[in-house]
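Per-entry structural report
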Amino acid sequence: MRIALVQMSVDAGNIAGNRRQGLAMINQAADNADIIVLPEIWTVGYALSKVSKWAEDVQGPTLSAVKSLARKHAVTIVAGSIPMLIGGRIYNSTAVIDKTGDIIADYAKLHLFSMFEEERFFATGNKRCIFKLGGITAGVAICYDLRFPELFRAMALEGVKVIFLP
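Residues numbered from 1 in each chain as written. Predicted model: local features only at pLDDT ≥ 70, side-chain atom pairs only at ≥ 80, totals over all residues. Heavy atoms only, no water.

1. A few points about the packing of aromatic side chains
- Counted by the stated rule, this structure contains four aromatic pairs.
- Relative to tyrosine 144, the ring of phenylalanine 113 has its centre 4.8 Å away and its plane inclined at 55°; by these criteria the two rings are tilted. Pair noted here: phenylalanine 113 is in the loop between β6 (103-108) and α4 (118-121) and tyrosine 144 is in the loop between β8 (136-140) and α5 (149-157), with a separation of 31 residues, a long-range link.
- With a relative accessible area of 23%, tyrosine 144 lands in the partly exposed category.
- Feature note: the residues Tyr46, Phe113, Phe116, Tyr144 and Phe148 constitute an aromatic cluster, connected by ring pairs. (Phe/Tyr/Trp six-rings, centres within 6.5 Å; stacked < 30°, edge-to-face > 60°. Helix = DSSP H or I, 4+ residues; strand = E, 2+ residues; numbered from the N terminus. Buried < 20%, exposed > 50% of the residue type's maximum accessible area, 1.4 Å probe, protein only.)

Okay, here's the thing in structure tokens:
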């Protein structure tokens, strides 16, 4: 399993530019990776006060473009995190997209980072994310979730062998 981690400079509020850069980096990494992992909040940066204006749904331009690239390059993509509008609420959320461009797992951040007042802008997720990836049980969490070891212990007890952490 070859994993490419996209590390990019995110310009807060420059959604078109950030999306363009992230998609270009997926194209660049695709030849040498089976899985590509994007960073947290890579489309909007930490311009959270405007996140309600920029949130996308699952059919939005970012996930649509990422799904297309996953299909084109036959790679799995952990789509970092983007502000997702789900059921009228905005979540700091990710999707795992398989080689055919289908979403095989999704996750909304469980532990919001109070220092950045994320709780003012995002709803809290309510479930762990565990999925199969080529016969391996995998999981995903987002950034600050790392500070809560019980999340990872619970995933390990459910057989998770690989955890992706944008």
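2. Comments concerning helix α3 (residues 61-73)
- Over its 13 residues, α3 extends 18 Å from the first C-alpha to the last, a length consistent with the 18 Å expected when each residue adds 1.5 Å.
- For α3, the full list of buried residues reads Thr62, Leu63, Val66, Lys67, Leu69 and Ala70. End-on, the buried residues of α3 take up no more than an arc of 165°, which puts them together on one face.
- One or two steps after α3, the chain reaches alanine 74, where phi turns positive at roughly 55°. (Expected span 1.5 Å × (residues − 1). Arc of directions from axis to C-beta.)

3. Considerations on the environment of aspartate 98
- Counting through the fold element by element, aspartate 98 comes out in the loop between β5 (89-97) and β6.
- According to the relative accessible area criterion, aspartate 98 is buried, its value standing at 18%.
- Linking aspartate 98 and phenylalanine 113, residues 15 residues apart in sequence, is a C-alpha distance of 29 Å.
- Sequence-distant contacts of aspartate 98, that is, excluding residues within four places in its chain, are made with Ala70, Val75, Thr76 and Ile104. (Contact = heavy atoms within 4.5 Å.)

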